[in-house]
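Each chain, written out:
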Amino acid sequence: MLKFAIFAVLLPAVVFGLAVRPCPNNAPLPLEVRVIDCYEEPCVIPIGGMVDMDLDFIPNRDSSTVDAALNIFLGNFRVPYDLPEDQRNACNFFAGRGCPVSQGEQINYHLSTPATAPFADVTVDLELQLTGDDGQPLFCFRSSATITAA
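About the thresholds
- Residues take numbers from 1 onward in each chain, read along the sequence in its written order.
- This being a predicted model, a pLDDT of at least 70 is required before a residue's local features are given, and a value of 80 or more before pairs of side-chain atoms are given or counted; all residues contribute to the totals for chains, interfaces and linings.
- The basis for every side-chain value is the complete set of heavy atoms in the structure, and neither hydrogens nor water enter the calculation.
- Numbering of helices and strands runs from the N terminus, with a helix taken as a DSSP run of H or I at least four residues long and a strand as a DSSP run of E at least two residues long.
- Contacts were defined at the residue level, with two residues in contact if any of their heavy atoms lie within 4.5 Å.
- Each nonpolar core is a collection of buried residues, namely Ala, Val, Leu, Ile, Met, Phe, Trp, Tyr and Cys, held together in the definition by side-chain atoms within 4.5 Å.
- The rule is simple: take the accessible area with a 1.4 Å probe, protein chains only, and divide by the maximum for that residue type; under 20% is buried, over 50% is exposed, in between is partly exposed.
- Only when DSSP finds a minimum of two bridges between them are two strands counted as paired.
- Confidence of the predictor in every single residue is expressed as pLDDT, which spans 0 to 100.

In the nomenclature of an unreviewed UniProt entry, the chain is known as MD-2-related lipid-recognition domain-containing protein of Aedes albopictus.

Right, let's talk about the side chain of Thr131 for a bit. Of note, Thr131 is situated in strand 8 (residues 122–132). Excluding anything up to four places from it in sequence, Thr131 contacts Thr65, Val66, Asp67, Gln136, Pro137 and Leu138.

The subject of this paragraph is the nonpolar core. Met53, Leu55, Phe57, Phe94, Tyr109, Leu128 and Leu130 are the most contacted members of the largest nonpolar core, which totals 34 residues. When residues of this core are traced back to their parent elements, those giving at least two are strand 2 (32–35), strand 3 (43–46), strand 4 (50–57), strand 5 (66–74), strand 7 (107–114), strand 8 and strand 9 (137–148). Per-element accounting of this core gives the leading share, five residues, to strand 9. In contact with Tyr109, other than residues within four places in its own chain, are Met53, Asp54, Leu55, Phe57, Ala68, Gln87, Ala90, Phe93, Phe94, Leu128 and Leu130.

Quick look at the environment of Ala145 now. Secondary-structure assignment places Ala145 in strand 9. For the pair Ala145 and Glu41, spaced 104 residues apart in the sequence, the C-alpha separation amounts to 6.7 Å. The contact partners of Ala145, leaving out residues within four places of it in the chain, are Pro42, Cys43, Ile45, Val122, Thr123, Val124 and Leu126.

Counting buried positions along strand 9 yields twelve of twelve residues, so the element is predominantly enclosed. Here strand 1 (residues 21–22) pairs with strand 9 via two bridges, running antiparallel. Within the sheet, the bridge partner assigned to Arg21 lies in strand 9 and is Arg142. Judged from the ten bridges that link them, strand 8 and strand 9 form a sheet pairing that is antiparallel. Along strand 9, the bridge assignment pairs Glu127 with Arg142.

Moving on to the confidence of the model for the chain. Averaged over every residue, the pLDDT of the chain is 86; the share at 70 or more is 89%. Predicted confidence in the chain is weakest over helix 1 (residues 2–16), with a mean pLDDT of 36, and strongest over strand 1, with 96. For the stretch residues 1–16, pLDDT sits under 50, and the model shows five contacts to residues farther than four places along the chain or on other chains.

Here it is in structure tokens:
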């Protein structure tokens, strides 16, 4: 009976993904965000480990290119960090397709990037945004993560 109760508690996290927060720019949120081994905030990420997430979104307009940005915040301070250059072109990480994207179609985006940080044992906000060719966000969300020593 205990196994069933644990399964029932974890099932919504698996089915519905991670609850995320909107960005200050009021950009649309993705439909669902799934982070491997994380079902609630803050996610625990060891330095040197991988941040591995899948998310689904529906663009509210057409775009021939899509750029990705991952920003890290400690309170209101933006920690100096940029996605590796090869991961900034989000089109390369859309499941089974690339760009362009069309308004109203559901798209799966997969990000797997190494966790690098100059500090450990601190909780930060991660902000992931995909931006269309017009410079406006297709979506943006924030979630928290606790960075731990390797």
